[in-house]
Amino acid sequence: MSNEFHAGLLIAEVLQSHGVRFVFTLCGGHISPILVGCKQRGLRVIDVRDEATTVFAADAVARLSGVPGVAVVTAGPGVTNTVTAVKNAQMAQSPVIVIGGATATVLKGRGSLQDIDQFALMKPHVKWATSVRRVRDVVPTLRRAFATAQSDVPGPVFIEFPLDVLYPPSAVRQWYDLADATGAKNLRHVLTRWYLERHVRRMFAHARDAFEMTPLPVSVPSHASSRLQTAADWLSAAARPVLLIGSQATLNAREIMPLQEAVATLGIPTYLGGMARGLLGRQHPLQFRHRRKQALKEADLVILAGIPMDFRLNYGRDFSGRTRLISINRSGAELRQNRRPDLAIRGDPGNVLRALAASVRAQAARDAWLQTLRARETEREREIDREAQPTAGAINMVRLCRRLEETIADDSIIIGDGGDFVATASYIVKPRAPLTWLDPGAFGTLGAGAGFALGAKLCHPQAEVWILYGDGSVGYSLAEFDTFVRHRIAVIGVVGNDASWRQIAREQVEMLHDDVGTVLRHADYHRVAQGFDAEGLCLRTDEEIVPGLKRAQQLASEGNPVLINAVYPPTDFRKGSLSM
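No experiment lies behind these values; they were computed from the predicted model shown.

Conventions we followed
Residues numbered from 1 in each chain as written. Predicted model: local features only at pLDDT ≥ 70, side-chain atom pairs only at ≥ 80, totals over all residues. Heavy atoms only, no water. Helix = DSSP H or I, 4+ residues; strand = E, 2+ residues; numbered from the N terminus. Buried < 20%, exposed > 50% of the residue type's maximum accessible area, 1.4 Å probe, protein only. Contact = heavy atoms within 4.5 Å. Salt bridge = Lys/Arg side-chain N within 4 Å of Asp/Glu carboxyl O. Pairing = 2+ DSSP bridges. Axes fitted to C-alpha atoms, helices over the stretch in contact; angles between N-to-C directions.

K.L.:
Explanation requested: the environment of Trp-466 in the structure shown.
P.N.:
Tracing the sequence through the fold places Trp-466 in strand 14 (residues 465-470). On the basis of relative accessible area, Trp-466 is assigned to the buried category, the value being 1%. Trp-466 sits 96 residues away from Val-562 along the chain, and the two C-alpha atoms are 9.6 Å apart. If we ignore the near neighbours within four places in the chain, the residues touching Trp-466 are Leu-404, Ile-408, Ser-412, Ile-413, Ile-414, Ile-415, Ile-492, Val-494, Leu-549 and Gln-553.

Now the structure itself:
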């Protein structure tokens, strides 16, 4: 097959022309030509152990590079296994191209291997779903897919490639018994052969034509200048403004540093969430992490840049009725979700914030407001310090997070995949720079860690990549340490192991007086990693934390993936944090 033209080569050429460098997959006969074509064109093919990981990895590449990530999975169960990760990408507004294999066009609906209605499954979770039935449609379909995934509100697209469209014509003719030129046996055979010959000719007609490969334009909502001026006037007059920035503001990864400069120019207290964590670096004087709810109640102006008023903002109830509310969002629905803002600006939040910084007039004095918020920040940090005191003969989880914050390198990328441990770490472990924190987003998905880390390390091979796992979430993707070993992806995983689904158990036991379904074991997760030939370390006391973290850094610098199993008793640090 390698010496004969097939559609896999064409697909690879389109991907390459759109800036794709990595293709994530789990092999299957339905998609083999795509993988072979990508390798021949110089794209790096990364094969993983679960199809969900292909989409999580592609999602991370999209977030960190601004180029849509690509996952290629086989038909049937290969596609169905991606659904959670695809839904996560949709809710996180990540442009991902999911390519799925499918049964041969003439066998659709006839009981072929792994033949299901894949569109019925995927359509609710993607911006666009389509099937390519002729080789001549490969290039225009993929070009449209890339533009669609990135335009307006970004999200995943799904393209189905039937097996006979992908393979060389000679192989397809042989499968259809068309290679044998012997005479027809009866009329039915004559008609069948005529139909199949015609079908194959149409499927491969113009397959070798010259195709335009350049990317199509991407549509980004443009904001109204009159609304921008109103926002600038309100901001100039505000004495107690607050800016909340979410993931949507970081969609244009190439403009992330100008966005950072714009936020600094605006000069107002800023809270960051999702992919925006780290936008202002580690210790910026305008960045606040604690007592956000109290600040929102007292603010006279709140700007929501790419954040809907969903459960994370108590459905819009966290704001005072006297607060002027400006919402900036690409999505018309999210602009007004749960509560209508005083000023709705439909547009890209990053673009609007940059334009706002360029147009805002002289600002009201805000020293007292900033001092109030900083005093609360200091007070909360002292409370955390008190919570982080050593525990005799054991690890204090809060102290573990403090030690992580002190140890991880300045070039680190931090992946959050868990509940209680990761949420605690988000209070304490500070992303060092823009686009250095990844978590699943609003869907609250567990299992994204390995895929996110895979994509992050490929995009930034010189960076330290840390996965913060809960001991519940690590079970979803622990097998990907085999992938890390095979592909020399030197990431560091830290499992917060309290033998519990603690985020659920804490409230369940208090409200319902039963821990059913929430109990785990202090399992030896590090030994599982060792079984895949990765490095595994186990920490059980405070004294072991710093040496263990530094040992992991050394091993990773030598090219070894590492899993740290940090065993500790349960904590009530986040009591009352259950979201509804």
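K.L.:
What should I look at first to understand the pattern of salt bridges in this one?
P.N.:
All told, the structure shown has 24 salt bridges when counted by the stated rule. A salt bridge links Glu-405 to Arg-432, with the shortest nitrogen-to-oxygen separation between them at 2.8 Å. A residue pair is termed long-range when its members are at least 10 positions apart, and Glu-405 in helix 17 (residues 397-407) and Arg-432 in the loop between helix 18 (420-428) and strand 13 (437-438) qualify at 27 residues. Residue Glu-405 is classed as buried on the basis of its relative accessible area, which comes to 7%. Taken together, the salt bridges that share partners define one network made up of Asp-47, Arg-49, Asp-482 and Arg-486.

K.L.:
For this particular structure, what's the right way to read the sheet that holds strand 6 (residues 157-162)?
P.N.:
Where strands meet in a sheet, backbone hydrogen bonds hold them as pairs that are either parallel or antiparallel. With parallel pairing, the 6 strands of this open sheet are ordered in space as 2-1-3-4-6-5. Of all strands in the sheet, those with a lone pairing partner are strand 2 (44-47) and strand 5 (128-131), marking the two edges. Mean inter-strand twist for the sheet, computed between neighbouring axes without regard to direction, equals 20°. In the sheet, strand 1 (residues 22-26) pairs with strand 2 via 4 bridges, with the strands oriented parallel. Its bridge partner lying in strand 2, Phe-22 is registered against Arg-44. Sheet strands in contact with helix 3 (residues 51-65) are strand 1, strand 3 (69-73) and strand 4 (96-102), and its direction is about 165° off that of strand 3.

K.L.:
I tried to follow the sheet that holds strand 15 (residues 492-497) on my own but got confused; where do I start?
P.N.:
Reading across the sheet, the 6 strands line up as 13-12-14-15-17-16 and stay open at both edges, with parallel pairing between neighbours. Strands with a single pairing partner mark the edges of an open sheet, and in this sheet they are strand 13 and strand 16 (535-539). Here strand 14 pairs with strand 15 via 5 bridges, running parallel. Looking at the pairing, Gly-470 lines up with Gly-496 of strand 15. Where helix 19 (residues 449-459) meets the sheet, it contacts strand 12 (413-417), strand 13 and strand 14, and its direction lies at approximately 175° from that of strand 14.

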